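The lines below spell out each chain.
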Amino acid sequence: MRKLIIAIDGYSSTGKSTLAKLLAKSLGYIHIDSGAMYRAITLYVIENKMIDGGNIDEESLLNNLDSIDIHFEYNPETQQNEVFLNGENVEKKIRQMKVSSKVSLVAKIPEIREHAVNLQRKLGESKGIVMDGRDIGTTVFPKADIKIFLTTSAEIRAKRRYNELLKTEQPSTYEEVLENIAERDRTDTQRKVSPLRMAEDAILVDNGELSPQQTLQIVLQLINERFPNSH
Ligand code: CDP
C-alpha cells in the first residue's frame, strides 16, 4: 500500500479543511490544517500585544519565535487534529474574526512562513497525509502525489463562512465576512513570498454547486484512478 501526500490549496473558505478532513478519514490518513498554524501565531501576536492596527512588531515576534510552541493533537470526540499554542487548545479561539482579520498580515512575513513550512514538512515526513492551505502544492510539498485547487465565488464562500460563524459565540455580519474574504484574497495572492496560486500540475475543482460529499467523491475517484493502491 503506497502512502500518499495530498495537497489541497485554494482561496479562503472554499471548504479546503472540510474536504481535507473527509478525505483523510476515508483514506485513514492524518489531516493537517496549515492555516491553523498561521492563525495560532496570529493569536500569539494579539495576546502579546505585538500588533497595533495594521502594524506588527516584527522584531519582537521574530525574537520570540522559539517560544511559540505549536503542535496538533487528535481529539477523538471531534475526530480531528486540533491545534495547541504553548500547551493550550486554541482550536476555537483561532477562528474568531479578530484573528481572521489579522492573519494574512502575519502570514506574509517571510521568516514566519519559513518557520511554518519547516514544521509542515516535518509533519509530512511519514506520508499518509492530507494538508490544506495556500502554498502546499507550490512550496511545502511541490512533489505531492495529488494536488487539488479549490475555488468558487467570493459570495458563496462568504455565505458558507457566515453560516459557520452564526453557530459560534461571536457571529459577524455577512458584509463583514465578505469584506474579510476579499481582503485576504488580495493579501494572499499579492504577497511576495509564496503567494497563493494554483500549481501547474494541480486539478481545479469549483465546488460552488457541490456538497462536501459530492466534492469528496470527485476527489476520491481521481485518487483511485491515479493510485489504485493508496488505501
Ligand atoms: O479557513 P480559511 O480559508 O478562512 O483560512 P485558513 O486556511 O485558516 O488560513 C488563514 C490565513 O492563513 C490565510 O488567509 C492565509 O493568509 C494564511 N495561510 C497561508 O498563508 N498559507 C497557508 N498554507 C495557509 C494559510
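Starting afresh in each chain, residues are numbered from 1 along the sequence in its written order. Local features in this predicted model are restricted to residues of pLDDT 70 or higher, and side-chain atom pairs are both shown and tallied only at a pLDDT of 80 or more, whereas totals for entire chains, interfaces and linings draw on every residue. Values shown for side chains rest on all heavy atoms present in the structure; no hydrogens or waters enter the calculation.

Caption draft 1: The overall build of the chain, seen in detail. Labels follow the DSSP assignment, with helices taken as runs of H or I lasting at least four residues and strands as runs of E lasting at least two, numbered in each case from the N terminus. Secondary structure summary: the chain contains 9 helices and 10 strands in total. Within these notes, the globule rule equals 2.2 Å times the number of residues to the 0.38 power, and the radius of gyration is based on C-alpha atoms. In terms of overall dimensions, the chain is globule-like: its C-alpha atoms have a radius of gyration of 17 Å, near the 17 Å expected for 231 residues. For the chain, the spread of C-alpha atoms along the principal axes amounts to about 50 × 40 × 35 Å. Only protein chains enter the accessibility calculation, which uses a 1.4 Å probe; a residue is then buried when its area is under 20% of its type maximum, exposed when over 50%, and partly exposed in between. Put simply, the chain has 231 residues, and 48% of those count as buried. Restricting to contacts in the chain with at least 6 residues of sequence separation, those with at least 24 account for 72%. Where accessible areas are quoted, they stem from the Shrake-Rupley method and a 1.4 Å probe; at the residue level, only the protein chains shown are allowed to cover. Summing over all exposed atoms, the chain offers an accessible surface of approximately 11700 Å²; the carbon and sulfur share of this is 49%. Only four residue types enter the charge count, namely Lys and Arg as positive and Asp and Glu as negative; His and the chain termini do not. Positions of charges follow a simple convention, taking NZ of Lys, CZ of Arg, CG of Asp or CD of Glu. The distance from the centre of the 31 positive side-chain charges to the centre of the 34 negative ones in the chain is 3 Å. Any two residues having at least one pair of non-hydrogen atoms within 4.5 Å are treated as being in contact.

Caption draft 2: Structural context of the pairing of strand β8 (residues 129–133). Burial runs high along β8: 5 of the 5 residues are buried. What you see with β8 is no split at all: Ile129, Met131 and Gly133 on one side and Val130 and Asp132 on the other are buried throughout. Strand pairing is defined by DSSP finding a minimum of two bridges between the two strands. Pairing analysis gives 5 bridges linking strand β1 (residues 5–10) to β8, with the strands arranged parallel. If you follow Ile5 over to β8, its bridge partner there is Ile129. In terms of strand pairing, strand β2 (residues 30–33) meets β8 through 4 bridges, oriented parallel. Within β8, the position partnered with Ile30 by the bridge is Ile129.

Caption draft 3: Focus on the sheet that holds strand β7 (residues 88–89). Pairing in this open sheet of 3 strands is antiparallel, and the strands run β5-β6-β7 from one edge to the other. Here the strands that pair on one side only, and so sit at the sheet edges, are β5 (70–75) and β7.

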